[in-house]
Amino acid sequence: AQSVAQPEDQVNVAEGNPLTVKCTYSVSGNPYLFWYVQYPNRGLQFLLKYITGDNLVKGSYGFEAEFNKSQTSFHLKKPSALVSDSALYFCAVRGYPNFGNEKLTFGTGTRLTIIP
Amino acid sequence: EAQVTQNPRYLITVTGKKLTVTCSQNMNHEYMSWYRQDPGLGLRQIYYSMNVEVTDKGDVPEGYKVSRKEKRNFPLILESPSPNQTSLYFCASSLWGLGANEQFFGPGTRLTVL
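This is a predicted model, so every value here is computed, not measured.

(A) View of the pattern of salt bridges. Summed over the entire model, instances satisfying the criterion amount to seven salt bridges over all chains. In this structure, the salt-bridge partner of Glu102 of chain B is Lys49 of chain A, at a minimum N-O distance of 3.1 Å. Here Glu102 of chain B is found in the loop between β9 (87-94) and β10 (104-105), whereas its partner Lys49 of chain A is found in strand β6 (residues 44-50) on a different chain. Residue Lys77 of chain A is joined to Glu66 of chain A by a salt bridge in which the shortest nitrogen-to-oxygen separation is 3.4 Å. Placement of Lys77 of chain A in strand β9 (residues 73-78) and of Glu66 of chain A in strand β8 (residues 64-68) is noted, with a sequence separation of eleven residues between them. Residue Lys77 of chain A is classed as partly exposed on the basis of its relative accessible area, which comes to 29%. Classification of Glu66 of chain A by relative accessible area gives partly exposed; the value is 38%. When salt bridges that share partners are traced, they join Arg36, Asp38 and Arg44 of chain B into one network.

Structure below.
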């Protein structure tokens, strides 16, 4: 079975400060890891993904995430937060090889609030 | 514009009254999926479809049905809705399989079952 943990329901950061949203995972085999963002009254939007290769992946809106295999983590980061970054963030994982398991497992979400 | 559309966006119904939520994508994606979003539980997968006429259960399929007769459409059917199916529902699609492909999400359908 695969699972994702987002240990913080809420993260508050002052505008201009760096932000981190945490995610840890558990899969059989190797992970495909994703971050999605949900703005109010909208569907989820893809931010970035880790498949293989460089542990630091860059995505949309200046976000990046660092894959750490030994800690089974995939934390989302941004050097300087904007008020417009305020949203609900979801981490997701699926393992491979998976031999027919086409499920994607999401975390419970972290609400990020950037304080002006 | 490439998009996933869902209808209706909001629905209030009563227990036991059959309903269908439609989902359509115009990106020629093979993989489609339904999720429900509940506070504190995140997104949970209900059903998914790898291609036309190929569907499979997700993590919470009880009380739901789906069909995939055409590549672009993937309706979600609640034969006898119950109050515990009150939720926010999202349809999503991706290029082929799930693999390493990101999913594109619809705007959501907020369902209330009284």
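(B) Up close: the side chain of Thr105 of chain A. All names here are of chain A. Assignment of secondary structure puts Thr105 in strand β11 (residues 105-106). There is a polar contact of 3.1 Å between the side chain of Thr105 and the side chain of Gln2. Those residues in contact with Thr105, other than ones at most four positions away along the chain, are Gln2, Ser3, Val4, Cys91, Ala92 and Val93.

(C) Quick look at the state of the cysteines. Residues and elements named next belong to chain A. Applying the stated criterion across every chain yields a total of two disulfides over all chains. Between the sulfur atoms of Cys23 and its disulfide mate Cys91 the distance is 2.0 Å. Here Cys23 and Cys91 share a disulfide; its torsion about the S-S bond, -60°, makes the bridge left-handed. Separated by 68 residues along the polypeptide, Cys23 in the loop between β3 (19-21) and β4 (24-26) and Cys91 in strand β10 (residues 87-96) bring together distant segments of the chain. For the pair formed by Cys23 and Cys91, the shared burial category is buried.

(D) How the structure looks around the nonpolar core. Ranked by size, the top nonpolar core spans 28 residues in total, and within it Leu19, Trp35, Leu47, Leu48, Phe74, Leu76 and Tyr89 of chain A carry the most contacts. Elements with a minimum of two residues in this core: β2 (10-14), β3, β5 (30-38), β6, β8, β9, β10 and β12 (110-115) of chain A. Tallying contributions element by element places β10 of chain A first for this core, with four residues. In this structure, Cys23, Trp34, Ile46 and Tyr89 of chain B belong to the second largest nonpolar core, which totals 19 residues.

(E) Focus on the packing of aromatic side chains. Enumeration over the complete set of coordinates arrives at 15 aromatic pairs over all chains. Consider the rings of Tyr36 of chain A and Phe105 of chain B, whose centres lie 5.5 Å apart with planes at 80°: the pair is edge-to-face. Of this pair, Tyr36 of chain A sits in strand β5 while Phe105 of chain B sits in strand β10, which puts the two residues in different chains. The buried category is assigned to Tyr36 of chain A, whose relative accessible area is 0%. Of the residues examined, Phe105 of chain B reaches a relative accessible area of 10% and is grouped as buried. Measuring from ring centre to ring centre gives 5.6 Å for Phe63 of chain A and Tyr89 of chain A, while their planes differ by 50°; the resulting arrangement is tilted. In this pair, Phe63 of chain A is assigned in the loop between β7 (56-58) and β8 and Tyr89 of chain A in strand β10, connecting sequence segments 26 residues apart. Each member of the pair, Phe63 of chain A as well as Tyr89 of chain A, carries the same accessibility label: buried. What links up through ring pairs into an aromatic cluster is the set Phe34, Tyr36, Phe46, Phe90 and Phe106 of chain A together with Tyr35, Phe90 and Phe105 of chain B.

Criteria and cut-off values
The residue count restarts for each chain, going from 1 along the sequence in the order it is written. Labels are handed out in written order, letters beginning with A for the chains and numbers beginning with 1 for the ligands. Given that the model is predicted, a residue must reach a pLDDT of at least 70 before its local features are reported, and side-chain atom pairs must reach 80 or more before they are shown or counted; all residues, however, enter totals for whole chains, interfaces and linings. Where side-chain values are given, they derive from all heavy atoms of the structure, hydrogens and water being excluded. A carboxyl oxygen of Asp or Glu within 4 Å of a side-chain nitrogen of Lys or Arg is what we treat as a salt bridge. A run of H or I in DSSP becomes a helix once it reaches four residues, and a run of E becomes a strand once it reaches two; helices and strands are each numbered from the N terminus. Accessibility here uses a 1.4 Å probe with only protein chains present; expressed as a share of the type maximum, an area under 20% marks a residue as buried, one over 50% as exposed, and anything in between as partly exposed. Polar contacts, as counted here, are pairs of nitrogen or oxygen atoms within 3.5 Å of one another; within protein the pair requires one atom able to donate a hydrogen and one able to accept it, and residues that are adjacent in sequence qualify only if both atoms are side-chain atoms. In what follows, residue pairs with any heavy atoms lying within 4.5 Å of each other are defined as contacts. The disulfide criterion is simple: two cysteine sulfur atoms within 2.5 Å. Side-chain atoms within 4.5 Å link the members of a nonpolar core, which is a set of buried Ala, Val, Leu, Ile, Met, Phe, Trp, Tyr and Cys residues. Here a pair means two rings of Phe, Tyr or Trp (six-membered ring of Trp) with centres within 6.5 Å. Their orientation is stacked below 30 degrees between planes, edge-to-face above 60, and tilted elsewhere.

Geometric descriptors of this kind do not, in isolation, establish any biological role.
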